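The primary structure of each chain is shown beneath.
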Amino acid sequence: MSAQHPVTVTPFQLKLKQLCIAVETLFECRRGRVAFLLNMIGTAALYWAIMVVQARWLAARPWPLLAISHLGQGLLIFWAIIQVVRRLHDLGRTGKLFWAIVIPPWVAWRVADLFHLTERPSLWELWIVLGLMCLWTVWLILQLIFRPGSEGPNGYDGRDFYKKNQAE
Amino acid sequence: MTTAPAKAQWKDAHMHPPGFRARRGLNWFTVGLLYATFYMCRYNFRFAGPGMREEFGFEAQQIADLAGWFSLAYGTGQLVNGLICDRIGGRASMLLGAIGTILLNIAIGFSPFISNFSAFAVLWMLNGYLQAAGTPGMVKINAAWFNRAERGVFAGIFGFMIQSGQTMISLLAPVILNGFTFLAFAVGPGNWRMLFCIPPIFVGLVAIWFYFISAPSPDEAGYAGTIHDDVDNSAGTTVRVWESFKFVFSNPLVWFYAVAYGCTGAVRHASDQLAPLYFEDVLGFNMKTNLPEIAVATLALIPMVAVAGSVLSGWVSDRFFRGHRYPVAMVLYFTEAVVIATAAIVMGLKLIGPTPAGILLGCLFLVLIAVTANSTHSIVGAAAPMDIGGKKMAGFASGVIDSFQYYGAAIGLFLTGRLLKVSDGNYTFWFGLMTCFAFFGGCAMLSLLLRQKGRQAASRSVIVFMILLVLGGLVFGMPKYRAQKEVHRARVAEEAAALAAAQAQAAEAMALADAQAAEAKPKVRKVKRAPEVADDHRWIAPAMDDDTFQKKATPKPKKKKPKKAAINAPAAPAADAPTPANP
């Protein structure tokens, strides 16, 4: 239909590509349950420590320090996400299930906040509904912590997975 | 019908080389962020309106007219800019739009000549036109980055970007209007001009990021041949204007979707913009001072469920319909029609009103309408143009379809306003009209479905039915509207006459009361004062000597009320404060 255009890729775009491959690779590996638990405990402890520092020391300091502390918190959250995805891969399941762990509690929290449910114990039916909504999340979290990982290759082994698909 | 081919296609479409999904995520985040910041330079007007009215004396109707003119310019801009976008590329289109909107907002914020209404209107319409470069650009870029079976979910996220853009300005505007200090930069409270000066800074920063990070297609990011374009898979993303125009205008799918999207616009804008009035008039809320909790909850719930509905409908069309949007859209339109028709019936039975159950029902229907309207908004407005135009002509396809949304909204709001006026605020008509639009959209999608299945005759008969529906509405509706208008006019005249009579009666009664009071006053004095001492002041204090009597009898100057005096008079100097006499 139209003339063919020569497509050029700039060096900057190639660097971005390498960066994206590196980031994506971070999620591809597998993580055993003990290592997962230790990582999560360590991450949570660090996160809590930053929160304490923010509350006690950084409140009256210049804002760049506070911004740096928020950046640190962001990195810790990112690290925690990587751990969850790796653990899911270890169980032989897709990393997309991470969203199933995050979204239902987030929705439950928003709804509880919206209707001020903490101040209304009489609306216990709604609490049950929200709890049921998070049931699968709870089940997945329990699996992440307690279930042993799969033996041998399971389709979520990073480079091998792609190599296999490319060969096909 | 088996779902196996759909599953296989879906799986193939989601298999990508290493790093591609992360790179696409980065690209989509960058493009979406720029698009969201566009909203900051559009919805700032909502917050600046009261300040402008106060400073320049613009009337409410003028402010509303400005919003209307903006919509008109925006809709037309979609058409023209969509065509240009296909020629210059989505990236260039978005950057041009960003630069234009930055310059215009800064011009409005800093220029003294905008106190003239016409000058402001021209600038604001230009802003609308340039803002319209955003959607075609974004749709075009993403058309190149997503396979057909992936675009539905993307379209759902598109709905999220719109909501986040509105949220950003909703959070920023109160901060600006309350005044703030950032490093050495201080903004006083109530400075509405800053609403046009600060959001462009955000757009500028994101535009710089966009310039460096975004790529118009995966080919230019080092992922050649990753995405297969069903329309034109040759390299590049641009075509000549005439090619794009010819292809899109001669494509019947565009017009089916455009008609349906016009109906979406009519329902979506009517429910969005008239919801506050509905809360006040039907549910009896006070939206100005004391917003009830359920109204807050409903208004907060609407964007959440809208995004959820958009993502879900997009995913369903990707996963189960091989990227075809019309079956899902048809189901959504007819569901919407059923929901709104139920609301109209419930409203007609007077079950919706200022009672606990009535309020709950009223809010529930608003939420359900928002879900269905926003779901069609995403898959018809964002996913369908990409499927039709592909990476090379998605810009104009998006422009044509999206422009109809604004024209549909204009027609819907125009009709709703008049119906509400002649029916003295009977919101059953509002629901009824929205039902018609939703049903009409469903018919358009049904006709397309039949056409795609090769049943041309059935498709045409649906089109004929739609035309008859419009003609029937005009033939039967217009006389009824006129009759109702006459009744309304007569009622208004009657009420005005009754009011005038009541006012005249009240004035007469007041005049009579004044006259009676005037007559009664001397009598009272006569009663108070004995006639023999009326002209003799000495009776008050017979024991006084003449000097004391003279002092008492001399009329004193009237003293002001102490409260007013305290407010109006300058503050009295403190006892130890220095005075000219006592420095």
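From a predicted model like this one, the values you see are computed outputs, not experimental measurements.

Draft legend 1. Inspection of the overall build of chain B at higher detail. Each helix and strand counted, chain B has 19 helices and two strands in total. The burial tally for chain B puts 46% of its 583 residues in the buried class. Carbon and sulfur atoms make up 67% of the accessible area of chain B, which amounts to about 29,200 Å² in all.

Draft legend 2. Inspection of the interface of chain B and chain A at higher detail. Each partner contributes residues to the interface: chain B has 36 residues there, and chain A has 27 residues. Among the residues chain B hides against chain A, the three largest losses belong to Pro-18, Glu-293 and Met-304 of chain B. Together they make up 19% of the total. Summed over the shared surface of chain B and chain A, the number is zero salt bridges. Counting across the chain B and chain A interface gives six residue pairs in polar contact (both at pLDDT 80 or more).

Draft legend 3. Quick look at empty space enclosed by the protein. Residues and elements named next belong to chain B. Within this structure, the stated rule accounts for one cavity of 30 Å³ or more. For the largest cavity, the full set of lining residues is Gly-159, Ile-162, Gln-163, Arg-268, Ala-306, Val-307, Ser-310, Asn-374, His-377 and Ser-378. Listing elements by their share of the lining of the largest cavity, those giving two or more residues are helix H8 (151-178), helix H13 (293-320) and helix H15 (356-422). A per-class count over the lining of the largest cavity returns three nonpolar, six polar and one charged. When residues of the lining of the largest cavity are sorted by domain, at least three fall in each of domain 1 (19-178 + 189-220) and domain 2 (260-453).

Draft legend 4. Main features of the packing of aromatic side chains. Residue and element names in this part refer to chain B. One pass over the structure, following the stated rule, counts 31 aromatic pairs over all chains. Measuring from centroid to centroid gives 6.1 Å for Phe-70 and Tyr-74, while their planes differ by 15°, and the two rings are stacked. Of this pair, Phe-70 and Tyr-74 both sit in helix H4 (residues 60-88), four residues apart, which is roughly one turn of the helix. For the residue pair Phe-70 and Tyr-74, the accessibility class agrees, reading buried in each case. Judged by centre distance (5.1 Å) and plane angle (40°), the ring pair of Trp-430 and Phe-431 falls under tilted.

Draft legend 5. Molecular detail of the layout of surface pockets. Residues and elements named next belong to chain B. The computed volume of the second largest pocket comes to approximately 1,200 Å³. Leu-415, Leu-433, Cys-436, Gly-473 and Leu-474 are, among the 31 residues lining the second largest pocket, the residues nearest its centre. Secondary-structure elements contributing two or more residues to the lining of the second largest pocket are helix H12 (252-281), H15, helix H16 (427-452) and helix H17 (456-528). Take the lining of the second largest pocket: its biggest share by element is eleven residues, from H17. When its residues are assigned to classes, the lining of the second largest pocket shows 21 nonpolar, eight polar and two charged.

Draft legend 6. Molecular detail of the packing of helix H5 (residues 90-110) of chain B against helix H7 (residues 134-145) of chain B. Residues and elements named next belong to chain B. Relative to each other, H5 and H7 sit at 155°, their axes nearing to 8 Å. When the axes of H5 and H7 are compared, the pair comes out roughly antiparallel. Along this stretch, H5 crosses H7, giving a crossing that reads as left-handed. Of the residues in H7, those in contact with Gly-90, Arg-91, Ser-93 and Met-94 of H5 are Gly-134, Gly-137, Met-138, Lys-140 and Ile-141. Among the residues making up the contact of H5 with H7, the classes are represented as three nonpolar, four polar and two charged.

Draft legend 7. Examining the pattern of salt bridges more closely. What the rule picks out here adds up to eleven salt bridges over all chains. Note that Arg-87 of chain A is salt-bridged to Asp-90 of chain A, the shortest N-O span being 2.7 Å. Remark: Asp-90 of chain A and Arg-87 of chain A occur in helix H3 (residues 63-90); sequence separation between them is three residues, near one turn of the helix. Looking at Asp-90 of chain A, the relative accessible area reads 9%, which means it is buried. For the salt bridge of Arg-240 of chain B with Glu-243 of chain B, the shortest nitrogen-to-oxygen distance reads 3.4 Å. Overall, the relative accessible area of 55% leaves Arg-240 of chain B in the exposed class. Beyond isolated ion pairs, a larger network of salt bridges with shared partners links Arg-151, Asp-318, Arg-325 and Asp-387 of chain B.

Draft legend 8. Geometry of the nonpolar core. Residues and elements named next belong to chain B. Core analysis: the largest hydrophobic core is formed by 67 residues, its most contacted members being Tyr-257, Tyr-278, Leu-283, Trp-430, Phe-431 and Met-445. Of all the elements in the fold, those that place two or more residues in this core are H12, helix H14 (326-348), H15, H16 and H17. The element contributing the most residues to this core is H15, with 16 residues. Among the nonpolar cores identified, the runner-up in size contains 66 residues, and Ala-36, Phe-146, Ala-215 and Ala-383 belong to it.

Draft legend 9. Just H15 of chain B, in detail. All names here are of chain B. Taking 1.5 Å per residue as the helical rise, H15 with its 67 residues ought to reach 99 Å, whereas the 29 Å between its terminal C-alpha atoms falls clearly short. Taken as a whole, H15 carries its principal kink of about 135° at Met-393. Counted residue by residue, H15 has 49 buried out of 67 residues, so it is predominantly covered. Backbone geometry just downstream of H15 places Asp-424 in the positive-phi region, at approximately 55°.

Here is what the cut-offs are and how they apply
Residues numbered from 1 in each chain as written. Chains lettered and ligands numbered in written order. Predicted model: local features only at pLDDT ≥ 70, side-chain atom pairs only at ≥ 80, totals over all residues. Heavy atoms only, no water. Helix = DSSP H or I, 4+ residues; strand = E, 2+ residues; numbered from the N terminus. Buried < 20%, exposed > 50% of the residue type's maximum accessible area, 1.4 Å probe, protein only. Areas by Shrake-Rupley, 256 points an atom, 1.4 Å probe, with all protein chains shown as cover. Contact = heavy atoms within 4.5 Å. Buried area = accessible area lost by both parts, 1.4 Å probe. Salt bridge = Lys/Arg side-chain N within 4 Å of Asp/Glu carboxyl O. Polar contact = N/O pair within 3.5 Å; in protein donor to acceptor, adjacent residues only side chain to side chain. 1 Å grid on protein atoms, 1.4 Å probe; cavity = no way out; pocket = protein on both sides within 12 Å on 5 of 7 lines; lining within 4 Å. Points joined across faces, edges and corners; volume = space filled by probe spheres on them. Nonpolar A, V, L, I, M, F, W, Y, C, P; charged D, E, K, R; others polar. Domains from an automatic or database assignment. Phe/Tyr/Trp six-rings, centres within 6.5 Å; stacked < 30°, edge-to-face > 60°. Axes fitted to C-alpha atoms, helices over the stretch in contact; angles between N-to-C directions. Parallel < 35°, antiparallel > 145°, perpendicular 65-115°, else oblique. Left-handed = near helix turned anticlockwise from the far one by under 90°. Core = buried A, V, L, I, M, F, W, Y, C linked by side-chain atoms within 4.5 Å. Expected span 1.5 Å × (residues − 1). Bend = angle between axes of the 7 residues up to and from the residue.

Purely spatial values, then, with no claim about function.
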